[in-house]
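Each chain is listed here by its residues.
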Amino acid sequence: MNAYLIKKPVVTERSISLAKKQHVYTFEVEMSAHKGQIKEAVASVFGVKVLSVNTVVRHRIKKKTGKKRINTVSAKTKKAYVTLAADNHIDLFDLGGES
């Protein structure tokens, strides 16, 4: 089981909208994970049928913060958009009622 590959769910307005309308759930995953591993991990952890997985790598972002305008660099992250079968859903996301 590759459950350690899933770091946390991404809960934003866009991800909730995708989950309601298109059954697409968003997770932050390990950088080393590939689509097959992510598909197996979501299917085994949540007990759902996964149709497809799309991944996006967010590269490091440099910006200045604080009073002294110190340069900071955010970490490189990877998100996975997981599409489920129409009759499946994940209770981890509060979708605010039926769609």
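To be clear, the structure that these remarks concern was listed above.
Presented here is a report on the structure given in the accompanying data block.

Analysis parameters
- Residues numbered from 1 in each chain as written.
- Predicted model: local features only at pLDDT ≥ 70, side-chain atom pairs only at ≥ 80, totals over all residues.
- Heavy atoms only, no water.
- Helix = DSSP H or I, 4+ residues; strand = E, 2+ residues; numbered from the N terminus.
- Buried < 20%, exposed > 50% of the residue type's maximum accessible area, 1.4 Å probe, protein only.
- Contact = heavy atoms within 4.5 Å.
- Areas by Shrake-Rupley, 256 points an atom, 1.4 Å probe, with all protein chains shown as cover.
- Lys, Arg positive; Asp, Glu negative; His and termini not counted.
- Charge placed at Lys NZ, Arg CZ, Asp CG, Glu CD.
- Pairing = 2+ DSSP bridges.
- Axes fitted to C-alpha atoms, helices over the stretch in contact; angles between N-to-C directions.

1. Side note on the overall build of the protein
A tally of regular secondary structure across the protein gives two helices and six strands. Secondary structure elements of the protein, listed N to C terminal, follow the sequence β-α-β-α-β-β-β-β. Projected onto its principal axes, the C-alpha coordinates of the protein cover approximately 50 × 30 × 15 Å. Put simply, the protein has 99 residues, and 33% of those count as buried. Taking as baseline every contact in the protein between residues at least 6 positions apart, the subset at least 24 positions apart corresponds to 62%. When the accessible surface of the protein is split by element, carbon and sulfur atoms take 51% of a total near 6800 Å². One way to put it: in the protein the 19 positive side-chain charges average out to a point 18 Å from where the 8 negative ones average out.

2. Considering the pairing of strand β2 (residues 24–29)
For β2, the tally of buried residues reaches six of six residues, placing the bulk of the element in the interior. Neither face of β2 is left uncovered, since the one carrying V24, T26 and E28 and the one carrying Y25, F27 and V29 both have all their residues buried. Sheet topology places strand β1 (residues 6–9) next to β2; three bridges connect them, and they run antiparallel. Bridge assignment links K8 to a residue of β2, and that residue is E28. Two elements, β2 and strand β6 (residues 77–84), share six bridges in a ladder whose sense is antiparallel. If you follow V24 over to β6, its bridge partner there is T83.

3. Brief notes about the sheet that holds β6
Taken in spatial order, the four strands line up as β1-β2-β6-β3 in an open sheet, and their pairing is antiparallel. A strand with exactly one partner marks an edge of an open sheet, and here the two such strands are β1 and β3 (50–58). Each neighbouring strand pair of the sheet contributes to a mean axis angle of 30°, computed without reference to strand direction. Sheet strands touched by helix α1 (residues 13–22): β2 and β6. Its angle to β2, the strand with the most contacts, is close to 140°. Sheet strands touched by helix α2 (residues 35–46): β1, β2, β3 and β6. Its angle to β3, the strand with the most contacts, is close to 120°.

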